Amino acid sequence: MSVVHEFTKGFYKQNPVFKQALGLCPTLAVSNSVESALGMGAAATFVLLCSNFIISLIRKIVPAKIRIPIYIVVIATFVTIVDLAMAGFLPALHKTLGIFVPLIVVNCIILGRAEAYAGKNNVGLSIVDGLGMGLGFTCALLLLGAIREFLGNGSLLGIPILSANFEPVLIMILPPGAFLTIGFVLGFFNWLENRRAK
Amino acid sequence: MDKKYFVSSSPHVFANDSIPKIMYTVVLALVPAGIGAIYYFGPRALWIILIAIVSAVATEALLQKLMKRSLTAWDGSAILTGLLLAYNVAPSVPLWMPAVGSFFAIAVGKMVFGGLGYNPMNPALLGRAFLLASWPTHMTIFTDAVPRGGTVSGIDMMTNATPLNVLKSAQGILANPQQFTPEQTREAGEAIGKLYDSLDKLFMGQIGGCIGETSVILLLIGAAYLMYKRYIGWKVPFTFIGTVALLSWIFGGTEGLFTGNPIFHILSGGLILGAFYMATDMVTSPVTFRGRLYFGIGCGMITFVIRRIGGYPEGVSYSILLMNLLTPLLDRWTRPKVFGGRKKNE
Amino acid sequence: MNDILKLGGLLMLITVIAATALAGIYNVTKPRIEAQKALELERALTVALPDAPQEAIFPVQQNDKVAYYIGYKTPDKQDTVGYAFVARGSGYSSVIETMVGVDSAGQILGIKVLSQVETPGLGTKVEEVKYGEQDPWFTRQFLNKSADQLAVDKDGGDIQSITGATISSRALTNSVVQGYQKLLKDNLTQK
């Protein structure tokens with residue numbers, strides 16, 4: 001179990017969105033532009049990092065019977081911190097991400113990592129795992145956000161890329177576009193995997 | 001036909017129909033409406049139809065090649081999808097739109113699920129829904145395509161000039177009279193009166209609307225032929241149209257219950273096109289007797305709800321798409337008892 | 001029984017720690033969040049009443065609520081520049097809130113959309129700033145027009161509505177008219 005492997009597995013091999021299909025609700029909801037994808041990714045990564053750290057720290061004193069409520073309390077604390085900090089320092093981003101920041105609490109990636117990894121491994125590895133998974137989640141959001149913003153708005157990060165004659169495919173930044181995009185991207189990754197297996 | 005000694009499981013029914021035969025017959029039945037569209041809206045309608053068909057067939061051929069399937073792009077189903085898609089767009093759309101719509105209809109509506117027979121929803125309608133969500137301005141503006149001979153007199157100046165659009169905005173004004181000037185309220189009332197007086201134009205097709213949905217008479221000619229050939233049944237279209245008529249008679253008026261105009265609601269929008277040609281699609285509608293009745297009633301109810309209180313003036317396409325998704329359930333609920341089979345509780 | 005007490009105690013301990021940490025964070029961020037909200041209001045008021053300096057705009061309270069704002073040329077309440085009010089109209093999928101500034105004759109001095117959740121790509125264009133421009137093009141049309149005579153083109157007015165988003169355009173426009181009429185009423189009772 002090398003540290004490098006623990007870090008990189010989140011990007012492709014065990015990518016939370018594309019391989020584990022976790023956290024799909026926020027993925028679908030906030031991937032309509034690169035900017036909100038980045039904001040959501042950063043917030044989730046921060047929460048994941050902190051919760052993995054704390055949970056691996058206290059893993060020996062947490063009784064198995066009440067581990068889930070304790071994990072949730074820890075996660076909810078960090079989410080509230082992110083929410084308050086964002087409202088105070090990045091009000092514009094807070095407005096666009098809106099309801100989805102509090103919902104990080106129930107993002108299954110975070111509880112999933114706490115349960116599957118941080119509760120069993122030491123502090124150092126858990127931090128690396130949290131960072132890797134968080135960045136993997138961010139990358140997945142960015143990929144979807146870039147595709148959707150490019151097609152649905154003709155821009156990336158709010159800067160127009162395509163000429164003014166391009167008529168944006170509005171559906172891509174509406175909810176159905178999220179399902180279409182994630183369906184095709186998931187299909188693509190499965191196709192890659194199948195080809196590799198052959 | 002004398003060498004067909006197949007050994008197969010039941011049902012041992014042999015019909016002389018093949019997929020291409022049925023598909024091309026439906027295409028043929030749609031031709032009169034197409035000719036009517038070209039007459040009313042000019043050669044642009046023809047271009048849109050051709051582009052949609054070419055794009056649909058090309059997409060299907062390309063994807064079948066990529067998926068290493070046998071090439072069946074010429075079995076007529078892709079042509080029918082392209083044709084129906086073209087019938088479902090406004091005559092003034094840019095010419096790239098039918099191409100993109102057909103591509104989406106075939107690629108996402110059909111081939112992704114495994115090709116003809118596996119698609120849960122009507123591909124042409126899915127293509128239309130995609131276009132409507134993506135480029136709503138092109139899909140909902142009908143003023144740039146005034147039919148030959150002018151549209152329904154007196155209401156030409158409204159920018160969204162389909163009869164259902166006019167009805168919706170007029171009813172919107174009448175529902176909240178305090179927000180508008182008395183003059184506007186009066187005009188709204190007059191507009192509704194004019195609409196109800198021009199049922200003959202609605203019947204002939206001299207109104208604004210999507211390419212293939214306007215001419216009721218031409219669509220009915222094709223539908224009668226298909227019914228004669230028994231390629232479409234009576235259950236879905238008649239329950240569909242009947243439900244819309246009943247509901248619009250009861251709830252469709254502005255002066256209380258039972259003041260609506262059912263004939264107007266039957267003749268306007270895409271109801272005839274949808275009920276006879278798209279809700280009856282063999283792949284995406286139920287096969288059982290009761291299933292078909294429920295399917296038609298469901299389509300009619302959703303259509304009317306969208307027309308009366310929804311955000312869009314027309315709801316035929318969404319109603320069919322939604323009921324398509326219910327089709328497997330309807331078939332399951334209405335499965336007939338096996339003859340001689342046991343009762344459930346025995 | 002003993003077990004439950006032990007587990008419960010531990011859980012309580014953890015929640016107490018979490019709550020304490022949160023209380024601390026809340027106290028640190030509270031002034032900032034409030035400052036952000038005040039700043040947002042201030043910015044909107046500056047757009048609505050461009051000729052009144054920030055410190056010369058005063059809220060007018062009615063029934064313990066801010067009914068509207070009055071802007072003066074100078075902080076000592078000399079020379080009224082105009083009035084600002086919040087207009088609310090039900091759009092296609094949300095309530096569109098705008099801050100509107102008018103002079104004493106009812107001419108619109110400035111307008112800014114405060115919040116809306118309309119359909120992306122259609123209704124959201126009420127706030128759209130075209131690339132390379134400074135202010136949203138839709139609300140720019142309102143400037144220097146009489147607040148009680150606004151109407152979108154489809155209702156016979158001269159506000160060009162957003163293509164494909166008539167409902168949002170009309171909601172915003174009509175809400176400004178209604179907000180202005182309410183302002184007139186409030187202003188009369190005040191005097």
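Structure: above.
Scope of this entry: the structure provided in the associated data block.

What counts, and at which threshold
Residues numbered from 1 in each chain as written. Chains lettered and ligands numbered in written order. Predicted model: local features only at pLDDT ≥ 70, side-chain atom pairs only at ≥ 80, totals over all residues. Heavy atoms only, no water. Pairing = 2+ DSSP bridges. Helix = DSSP H or I, 4+ residues; strand = E, 2+ residues; numbered from the N terminus. Expected span 1.5 Å × (residues − 1). Buried < 20%, exposed > 50% of the residue type's maximum accessible area, 1.4 Å probe, protein only. Arc of directions from axis to C-beta. Contact = heavy atoms within 4.5 Å. Disulfide = S-S within 2.5 Å. Salt bridge = Lys/Arg side-chain N within 4 Å of Asp/Glu carboxyl O. Polar contact = N/O pair within 3.5 Å; in protein donor to acceptor, adjacent residues only side chain to side chain. Axes fitted to C-alpha atoms, helices over the stretch in contact; angles between N-to-C directions. Parallel < 35°, antiparallel > 145°, perpendicular 65-115°, else oblique. Left-handed = near helix turned anticlockwise from the far one by under 90°. Nonpolar A, V, L, I, M, F, W, Y, C, P; charged D, E, K, R; others polar. Buried area = accessible area lost by both parts, 1.4 Å probe.

1. Re the pairing of strand E2 (residues 65-74) of chain C
Residues and elements named next belong to chain C.
Reasoning step 1: Strand direction decides the pairing type here: strand E1 (residues 57-62) and E2, joined by 6 bridges, are antiparallel. Across the sheet, residue Gln62 finds its bridge partner in E2, namely Lys65.
Reasoning step 2: Counting the residues in the hairpin turn of E1 and E2 gives 2 residues, including Asn63, whose phi is positive at 50 degrees.
Reasoning step 3: Pairing of E2 with strand E3 (residues 78-90), which is carried by 5 bridges, proceeds in the antiparallel orientation.

2. Remarks on helix H10 (residues 216-228) of chain B
All names here are of chain B.
Reasoning step 1: Taking 1.5 Å per residue as the helical rise, H10 with its 13 residues ought to reach 18 Å, and the 18 Å between its terminal C-alpha atoms agrees with that figure.
Reasoning step 2: If you check which residues of H10 are buried, you get Val216, Leu219, Gly222, Ala223 and Leu226. Buried residues along H10 cover an arc of 130 degrees about the axis, so they all sit on one side.
Reasoning step 3: For H10, the elements touching its buried residues are helix H1 (19-41), helix H9 (199-204), helix H12 (262-267) and helix H13 (271-278).

3. Some words on the state of the cysteines
Reasoning step 1: Counted under the stated rule, the structure contains 0 disulfides over all chains.
Reasoning step 2: Here Cys25 of chain A stays free of any disulfide, with the sulfur of Cys108 of chain A as its closest cysteine sulfur at 8.7 Å.
Reasoning step 3: Distance from the sulfur of Cys299 of chain B, which forms no disulfide, to the nearest cysteine sulfur (Cys210 of chain B) is 17 Å.
Reasoning step 4: What makes Cys299 of chain B buried here is its relative accessible area of 0%.

4. Quick word on the interface of chain C and chain A
Reasoning step 1: Contacts between the two partners involve 21 residues from chain C and, on the opposite side, 23 residues from chain A.
Reasoning step 2: Viewed at the interface, chain A and chain C are joined by 1 salt bridge.
Reasoning step 3: For Asp3 of chain C, the salt bridge identified is with Lys65 of chain A, shortest N-O distance 3.0 Å.
Reasoning step 4: The tally of links from chain C across to chain A stands at 3 residue pairs in polar contact (both at pLDDT 80 or more).

5. What to know about the sheet that holds E3 of chain C
Residue and element names in this part refer to chain C.
Reasoning step 1: Read from one edge of the open sheet, 5 strands run E1-E2-E3-E4-E5, paired in antiparallel fashion. Each edge of the open sheet is held by one strand with a lone partner, namely E1 and strand E5 (108-115). Taking the axes of each pair of neighbouring strands and ignoring which way they run, one obtains an average angle of 25 degrees across the sheet.
Reasoning step 2: Set on the sheet, helix H1 (residues 2-48) makes contact with E1, E2, E3, strand E4 (95-102) and E5; between it and E5 the angle comes to about 150 degrees.

6. Observations concerning the packing of helix H3 (residues 77-87) of chain B against helix H4 (residues 96-107) of chain B
Residue and element names in this part refer to chain B.
Reasoning step 1: Running from amino to carboxyl end, H3 crosses H4 at an angle of 135 degrees, the nearest separation of the two axes being 10 Å. In this view, H3 runs oblique relative to H4, as classed from their interaxial angle. Crossing of H3 against H4: the hand is right-handed. Between H3, through Ala78, Thr81, Gly82 and Leu85, and H4, the contact on the second element is made entirely by Pro98, Gly101, Ser102, Ala105 and Ile106.
Reasoning step 2: In terms of residue class, the contact of H3 with H4 is built from 5 nonpolar, 4 polar and no charged.

7. Considerations on helix H7 (residues 163-175) of chain B
Residues and elements named next belong to chain B.
Reasoning step 1: Under the 1.5 Å per step criterion, the end-to-end length of H7 is 18 Å for 13 residues, consistent within 8% with the ideal 18 Å.
Reasoning step 2: Of the residues making up H7, those classed as buried are Pro163, Leu164, Asn165, Val166, Leu167, Ala170, Gln171 and Ile173.
Reasoning step 3: For H7, the elements touching its buried residues are helix H6 (136-140), helix H8 (182-197), H9, H12 and helix H14 (289-309).

8. A few points about the interface of chain B and chain C
Often the size quoted for an interface is simply the accessible area lost on bringing the parts together.
Reasoning step 1: Contact with chain B, which involves 9 residues of that partner, is made by 9 residues of chain C.
Reasoning step 2: For the pair chain B and chain C, the two sides together bury roughly 650 Å², of which 58% comes from carbon and sulfur.
Reasoning step 3: Together, Thr137, Phe180 and Gln184 of chain B form the three largest contributors to the area buried by chain B at its contact with chain C, with a combined 42%.
Reasoning step 4: The interface formed by chain B and chain C includes 0 salt bridges.
Reasoning step 5: Joining chain B to chain C, the criterion identifies 0 residue pairs in polar contact (both at pLDDT 80 or more).
Reasoning step 6: Residues of the side of chain B that touches chain C, tallied by class, amount to 3 nonpolar, 6 polar and no charged.

9. Quick word on the pattern of salt bridges
Side chains carrying opposite charge are able to pair once their charged atoms draw close together.
Reasoning step 1: What the rule picks out here adds up to 11 salt bridges over all chains.
Reasoning step 2: For Glu314 of chain B, the salt bridge goes to Arg307 of chain B, with nearest N and O atoms at 2.7 Å. Each member of the pair, Glu314 of chain B as well as Arg307 of chain B, is classed as buried.
Reasoning step 3: Here the residues in one salt-bridge network are Glu6, Lys9, Arg113 and Asp129 of chain A, joined through shared partners.

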